[in-house]
Each structure stands twice: as structure tokens, then as C-alpha cells.
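Take a look at the letters that make up each chain.
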Amino acid sequence: MKILGLDLGTTTLSAVCMDIPGGRVLRACTEPNRSGLRTAHGWEHLQDPEAIVKAAGSMLDALLETEQDVCAIGVTGQMHGIVYVDASGQSLSPLMTWQDQRGALAEEGTESVCTLVRERTGCRLFPGYGLASHMYNLRNGLVPLRTAKLATIADYVVMRLTGRSSPLMHISQAAGLGLFDLQTQTWKEEALGLVPGSGDALPSVIPHFEIAGMYRGIPVCTALGDNQAGFLGSVDNPQENILVNMGTGGQVSALSDRILETEGVETRPLNEHAYLVVSASLCGGRAYACLAELFASIAQAFGCGEQDPYSVMNRFLDLPQDPDPLCVETTFAGTRDDPGLRGRITNISTENLTATGLTRGVLEGMVRELYGGWMCMKTHLLLAQSRITVSGNAMRLNPQLRRITETCFGMPVTLTAHTEEAACGAAVSAAVAVGLMDWHAAIGQ
């Protein structure tokens, strides 16, 4: 039987047709996410939700033209961001993505909403999380007048595919908005009360995978968070494997049966009984992209013509390494806990300040940041996983990055079988929702 999975990523949109329960990808397609919008402020990161809906529908229709006997459709997508919708289920605003930093802005005479929440209640709320953006908008009169609900982009696409007028939000998406209590599975009312009206637009939340509606006569499952979907679509045996993903951002994720609350680590729900403990880097693969842009601009300034900087950087990595290397901290975009933190380069000498040293230093810094999160998880939860599954284009396209990961973590590394990991995980969630797959089988128990 066949299940479709759809992943609405920050930079790409992907769709797969999977054989369930075999897990084979029968067809797959990926295209750039061209929905980005020009903004008036450097802290804004906006996308056009209608452009995403149109592209998602086109990808599903293309698969349905050739694939018969499709039993369900699963959806996932970039977490944390929000879009406002009216009572009929139509968007009233752009998508404010997970990269949007309005929640970190200190307003005249007051602290930022993230600082306000932490200082008054002790709750952690990070810039880019939906409720940080929403609370900032409320304080500044930026919530559209006819707003009925707010939704993640994945929830909004499910609404538009099925004709729903309001979002039905899975617990994984609710937790991604912030201020969601995993113990009670309710919103944190005390924190929401700091900005009047913060809870008025919050949608209904469910802890399990459920059919939200129908698209062309096919059941569509409630949307799953992209980190959780990537885990389900990548890791064959979560009892033995952790997942290290390197995309626009980076994450190290491990399965847990309990909640961990400590600095630098988040607990994200898979359902009401299973969790992922996650440490995320905001820059991740974007750090390497920044370095590529630097080398490209230097080449252009020297009149070297148009060259692929990544190919040149790969050649740098093949050269001998200095025994006393550069140390690069790749917190170029800060961290969740400290958005103002910046990266730095240390241990610079006359021998190691080279293109090779800088290229390898950035890769090692990307991995080292995630390794610190893994050690924190392992220490607090006594996790026993002994192998790594790696995913994301940065890992897939760069063998050196995989080798650095293996060395840094001290565990063998396996590359995922599929390139559209999150879309595959969305398909798994839909298979569970319609009863084609047992939940315990989905997480390798």
C-alpha cells in the first residue's frame, strides 16, 4: 500500500510516495521553496503561505497522476513559525518563519518578550518560536484584525488541502510554538498572561496522529513537526542510534521516555508517551554556506570567474591539515538561549591561517557544537545509544563532514537511505493515523 509524504522545508519542498510497511521510496520529487518575501527589517524572515500551498498541491497532484491505491497523505514542515488565519481558514499574514527574530527585540522602555517571559515566569521562550513572534505582534498592534487562529505552515497546508476552517494541531507542532507544558499537555497560562490575548488564537491540540480531512478522497493526517518527522524517516533503530542532521540549521536528536529540562537541550514530543531530546544549532550548515559565499566573493574580486565554491572547498579539504589547527566556534547566528552570541576564531598562527585551515575549522565547529548538546543529553539521561545516523544535504554531499562527525562523537556513522527524510517520516505518521502501521513498530520498539 502507498502513502504520500510532504515536507515543507525552509529552502526546499519535497514529496515522496512510500511503500508501507516495506518503507521503500517509490517516487520522490524536490523543488526549491521560492516563497521568500522581501522585508523592511533585517530581523524579519517571511515567506508567502499561499505560494507554499500552491506548490504543495502541485507536487501532490503530480504524484497522484501516476500512483494508484494511495491510502493516506502525511505532512510535515519547518517548525516554530506562524501564519494568522481568519474564521474561514484563509491566511491573513505572511509566514513568520523560525528564523524571524522579532521575539528578541527590546522595545522602548521594556525588555524583549523572550526576556520578559523568562524573568517573570522562568519559562524558556526563544526568538523564532511562534508564541514569541505572536506576543511581540500583540504588543505592537501587528496581529491582523480578523485573526481567528494562528497555525504553523504545515498545519495551514493541511487546512487548505482538506478545506478545514481551523487548524487541528499535533502535540509536536504545539511544542514547537513554545510555552507548551509537556507534563500536562496544556499551554502555560501564567506565561501567556504576561501579554493579554496571547492565548486567544491558539488552536486545538491532540497528542496522537489523526485524520484531519480528505484531499481528493484520500485521508490527510495532522501535520508532524519536521524534527520528529526527520527522525522517524531516518533512524531504523532508535534504541541504538541517535540522529545528527545538518541542514540550514543543525540538530542532534535521541529517543527518550522522559522529559529533560536543562540549558541547551529541548524535549520535543513524538506523542503523549515518547519524546525526542534535541540540541539544535541555529547556524548548522548555514555556517559552511557563509564560508562558501566568502570564498566566492574573494574569487570574484580577483577576477577568477564563476566557480563552484563548494568544489574548491572540497579540494582544500584534501590538502594536508596543520597539526595545530584553527578553532572555529560556529555560533554565527547565536544560540537559542543567547541569540546575541557570535562566533569566533581562535588559536590562529602563521601556519594554520589558510583556506584549508578555515574550511576544516568551520566543519569541525559545526560538529563540535552538536557534540556538546549530545554530551549534555547523555549525562542527564544516561542514554546508551552507540551509533549515529546522519541526514541532511550537508552530510550527504560532504564525506569529510561525516568523517569529522564520526571522530568527534566516537561512534560509527551511517548515512540515511533516503534523501527526503522528513517527507518519509510524514508518510510514516500518516500510516500510523490510518492504522497501516503500529506506533511501536514506527519507533523500532
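That block above? That's the structure.
My aim in this report is to walk through the structure given alongside it, one point at a time. Note that the structure is predicted; figures quoted are calculated from it, not measured. (Residues numbered from 1 in each chain as written. Predicted model: local features only at pLDDT ≥ 70, side-chain atom pairs only at ≥ 80, totals over all residues. Heavy atoms only, no water.)

A word on the nonpolar core
Consideration 1: Among the nonpolar cores identified, the biggest contains 37 residues, and Ile242, Val244, Trp374 and Phe409 are the most heavily contacted of them.
Consideration 2: At the level of secondary structure, the elements contributing two or more residues to this core comprise strand 16 (241-246), strand 17 (250-256), helix 8 (285-301), helix 9 (309-317), helix 10 (355-381), strand 22 (387-391) and helix 12 (399-409).
Consideration 3: Among the elements that take part in this core, helix 10 stands out by supplying 10 residues, more than any other.
Consideration 4: Every residue in contact with valine 244, bar those within four places of it in the chain, is listed here: Gln251, Val252, Leu370, Ile388, Thr389, Val390, Ser391, Met395 and Phe409. (Core = buried A, V, L, I, M, F, W, Y, C linked by side-chain atoms within 4.5 Å. Buried < 20%, exposed > 50% of the residue type's maximum accessible area, 1.4 Å probe, protein only. Helix = DSSP H or I, 4+ residues; strand = E, 2+ residues; numbered from the N terminus. Contact = heavy atoms within 4.5 Å.)

Concerning the sheet that holds strand 22
Consideration 1: Spatial ordering of the open sheet is given by 18-19-17-16-22-23, a layout of 6 strands whose pairing is mixed. Whereas interior strands pair on both sides, the edge strands pair on one side only; in this sheet they are strand 18 (266-269) and strand 23 (413-415). The mean inter-strand angle of the sheet, taken between neighbouring strand axes irrespective of direction, is 30 degrees. (Pairing = 2+ DSSP bridges. Axes fitted to C-alpha atoms, helices over the stretch in contact; angles between N-to-C directions.)

Topic: the packing of aromatic side chains
Consideration 1: Using the criterion set out here, one finds 6 aromatic pairs in the structure.
Consideration 2: With 6.0 Å between their ring centres and 45 degrees between their planes, tyrosine 288 and tyrosine 310 make a pair best called tilted. With a gap of 22 residues between them, tyrosine 288 in helix 8 and tyrosine 310 in helix 9 connect regions that are remote in the sequence.
Consideration 3: For tyrosine 310, a relative accessible area of 36% translates into the label partly exposed. (Phe/Tyr/Trp six-rings, centres within 6.5 Å; stacked < 30°, edge-to-face > 60°.)

Brief notes about the side chain of threonine 416
Consideration 1: With respect to the helices, strands and loops of the structure, threonine 416 is situated in the loop between strand 23 and helix 13 (421-433).
Consideration 2: On the basis of relative accessibility, which here comes to 5%, the residue threonine 416 falls in the buried class.
Consideration 3: Of the polar contacts made by the side chain of threonine 416, one reaches the side chain of glutamate 421; its length is 2.8 Å.
Consideration 4: Threonine 416 has contacts with Ser234, Thr389, Val390, Ser391, Arg396 and Glu421, leaving out every residue within four places of it along the chain. (Polar contact = N/O pair within 3.5 Å; in protein donor to acceptor, adjacent residues only side chain to side chain.)

Considerations on the packing of helix 9 against helix 10
Consideration 1: Close contact between helix 9 and helix 10 brings their axes to 8 Å; oriented N to C, the two are set at 100 degrees. As the angle between them shows, helix 9 and helix 10 are arranged roughly perpendicular. Taken together, the residues of helix 10 that come into contact with helix 9 (itself represented by Met313, Phe316 and Leu317) are Ala355, Thr356, Thr359, Arg360 and Leu363.
Consideration 2: Of the residues contributing to the contact of helix 9 with helix 10, the split by class is 5 nonpolar, 2 polar and 1 charged. (Parallel < 35°, antiparallel > 145°, perpendicular 65-115°, else oblique. Nonpolar A, V, L, I, M, F, W, Y, C, P; charged D, E, K, R; others polar.)

With respect to helix 4 (residues 153-162)
Consideration 1: Across the 10 residues of helix 4, 9 count as buried, placing the element largely inside the fold.
Consideration 2: Taken together, the buried positions of helix 4 are Ile153, Ala154, Asp155, Tyr156, Val157, Val158, Met159, Leu161 and Thr162.
Consideration 3: Once helix 4 ends, the next one or two residues include glycine 163, with phi positive near 80 degrees.

Re unusual backbone geometry
Negative phi values dominate among residues other than glycine, just as trans dominates among peptide bonds.
Consideration 1: The residue leucine 179 is not glycine, and still its phi comes out positive at about 55 degrees.
Consideration 2: Note on placement: leucine 179 falls in the loop between helix 5 (171-177) and strand 10 (180-181).
Consideration 3: Positive phi, close to 50 degrees, is recorded for arginine 216, a residue that is not glycine.
Consideration 4: With respect to the helices and strands, arginine 216 occurs in the loop between strand 13 (211-215) and strand 14 (218-221).

Here's the deal with the environment of leucine 232
Consideration 1: With respect to the helices, strands and loops of the structure, leucine 232 is situated in helix 7 (residues 226-232).
Consideration 2: It is 8.0 Å that separates the C-alpha atoms of leucine 232 and glutamate 421, two residues lying 189 residues apart in sequence.

Structural notes on the packing of helix 8 against helix 9
Consideration 1: In the contact formed by helix 8 and helix 9, the axes pass within 9 Å of each other and the chain directions differ by 100 degrees. Regarding the angle of helix 8 to helix 9, the classification is roughly perpendicular. Contacts between helix 8 and helix 9 involve Tyr288, Ala289, Leu291, Ala292, Phe295 and Ala296 from the former and Pro309, Tyr310, Met313, Asn314, Phe316 and Leu317 from the latter.
Consideration 2: Of the residues contributing to the contact of helix 8 with helix 9, the split by class is 11 nonpolar, 1 polar and no charged.

With respect to the pattern of salt bridges
Consideration 1: Enumeration according to the criterion identifies 12 salt bridges in this entry.
Consideration 2: The salt bridge partner of aspartate 19 is arginine 24, with a shortest N-O separation of 2.6 Å.
Consideration 3: Between arginine 344 and glutamate 329 there is a salt bridge, with its nearest N and O atoms 3.0 Å apart. Pair noted here: arginine 344 is in strand 21 (residues 344-346) and glutamate 329 is in strand 20 (residues 327-329), with a separation of 15 residues, a long-range link.
Consideration 4: Linked by salt bridges that have partners in common, Glu44, Asp100 and Arg102 make up one network. (Salt bridge = Lys/Arg side-chain N within 4 Å of Asp/Glu carboxyl O.)

By themselves, these figures tell us nothing about what the structure is for.
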